[in-house]
Amino acid sequence: MSHDQFSSLASFESSACVSLLVRDVAGEYRPAEANEVLQAAQRLLAGRVRGSDILTSPAAVRDFLRLRHGPLEHEVFAVVHLDSQHRVLDYVEMFRGTVTQTSVYPREVVKETLARNSAALLLVHGHPAGVAEPSRADEALTRTLKTALAMVDVLVLDHLIVGGEVIYSMAEHGLM
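Everything in this summary refers to the structure shown in the same document.

Definitions and cut-offs
By convention here, each chain's residues receive numbers from 1 onward along its written sequence. In view of the model being predicted, local features appear only for residues whose pLDDT reaches at least 70, and side-chain atom pairs are presented and counted only at 80 or more, with totals across whole chains, interfaces and linings using the full set of residues. Note: side-chain values were computed over all heavy atoms of the structure, leaving out hydrogens and water. Each helix is a run of DSSP H or I of at least 4 residues and each strand a run of E of at least 2, with the numbering of both proceeding from the N terminus. Each residue is placed in one exposure class: buried if its accessible area under a 1.4 Å probe, protein chains only, is under 20% of its type's maximum, exposed if it is over 50%, and partly exposed if it falls in between. What makes two residues a contact is simply this: any of their non-hydrogen atoms within 4.5 Å. Only the protein chains shown count as cover for residues, and the accessible areas themselves come from Shrake-Rupley with a 1.4 Å probe. A pair of strands is considered paired only if DSSP assigns at least 2 bridges between the two. Inter-axis angles, ranging from 0 to 180 degrees, are taken between N-to-C directions of lines fitted to C-alpha atoms, where helices are fitted over the stretch in contact. Every angle not falling under 35 degrees, over 145, or within 65 to 115 is termed oblique; those three ranges are roughly parallel, roughly antiparallel and roughly perpendicular. Here a crossing is called left-handed whenever its near helix is offset anticlockwise from the far helix by less than a right angle, and right-handed whenever the offset is clockwise. Each residue is assigned to one class: nonpolar for Ala, Val, Leu, Ile, Met, Phe, Trp, Tyr, Cys and Pro, charged for Asp, Glu, Lys and Arg, and polar for all the others, Gly among them.

A short note on the overall build of the chain
Point 1. A tally of regular secondary structure across the chain gives 5 helices and 7 strands.
Point 2. Its helices and strands taken in sequence order, the chain reads α-β-β-α-α-β-β-α-β-α-β-β from the N to the C terminus.
Point 3. When each of the 176 residues of the chain is scored for burial, the buried share is 35%.
Point 4. Contacts in the chain between residues far apart in sequence, at least 24 positions, make up 60% of those at least 6 positions apart.
Point 5. With the model as given, the accessible surface of the chain reaches about 10400 Å², and the carbon-plus-sulfur share is 54%.

Structure, rendered in structure tokens:
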């Protein structure tokens, strides 16, 4: 190995120690940008969540949702599908909205729920402004979804609102 190759390898190894690397379309490695690291971590977590019971505690659920919804600059409505033992079947981001609202279609939630053979659900959405309190519209939507899903024997366990680091549980506040 020549001195130049050794210097290049040493430089590469020292930069690899301080940052993660990604391969670009030309096959060259470069330091990953923060958003690329976060997206990869989210894909990895979502893959681990499906078919597992990784969300076995309220703390685990909250940590997962903070990571998924906390940094978003727009509202996303998602559903955590559970089996009859409340093990995670899937996490699905169903609707994307604006900074202040998103449209949710109960028919689509019911269709997704039946397609996954879910027995129970956790409803989730974020408030990008950081205020985790539910609006009157959030409360009305929750009632509508509970009624629609009850008709197909699916239990809605909670509706969680993520506002930055704070997560509001409608079930814990007697709104379910």
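That was the structure; now back to the text.
Describing unusual backbone geometry
Negative phi is the rule for most residues except glycine; trans is the rule for most peptide bonds.
Point 1. The phi dihedral of His-86 falls on the positive side, at around 65°, and the residue is not glycine.
Point 2. Residue position: His-86 is located in the loop between strand E3 (76-82) and strand E4 (88-96).
Point 3. Under the relative-accessibility criterion, His-86 is labelled partly exposed at 40%.
Point 4. The phi dihedral of Asp-153 is positive, around 60°, even though this residue is not glycine.

Examining the sheet that holds strand E7 (residues 166-169)
Point 1. With mixed pairing, 5 strands are arranged side by side in an open sheet as E4-E3-E5-E6-E7. Strands with a single pairing partner mark the edges of an open sheet, and in this sheet they are E4 and E7. Neighbour-to-neighbour, the strand axes of this sheet turn through a mean angle of 20°, independent of strand direction.
Point 2. Across 7 bridges, E3 lies against E4 in antiparallel orientation.

Some words on the packing of helix H4 (residues 106-115) against helix H5 (residues 136-150)
Point 1. Following both chains from N to C, one finds H4 and H5 inclined at 45°, their axes separated by 10 Å at the closest point. Judged by the inter-axis angle, H4 sits oblique to H5. For the element pair H4 and H5, the recorded crossing hand is right-handed. Residues Pro-106, Val-109, Val-110 and Thr-113 of H4 lie in contact with H5, whose contacting residues are Thr-144, Leu-145, Ala-148 and Leu-149.
Point 2. When the residues that make up the contact of H4 with H5 are grouped by side-chain class, the tally is 6 nonpolar, 2 polar and no charged.

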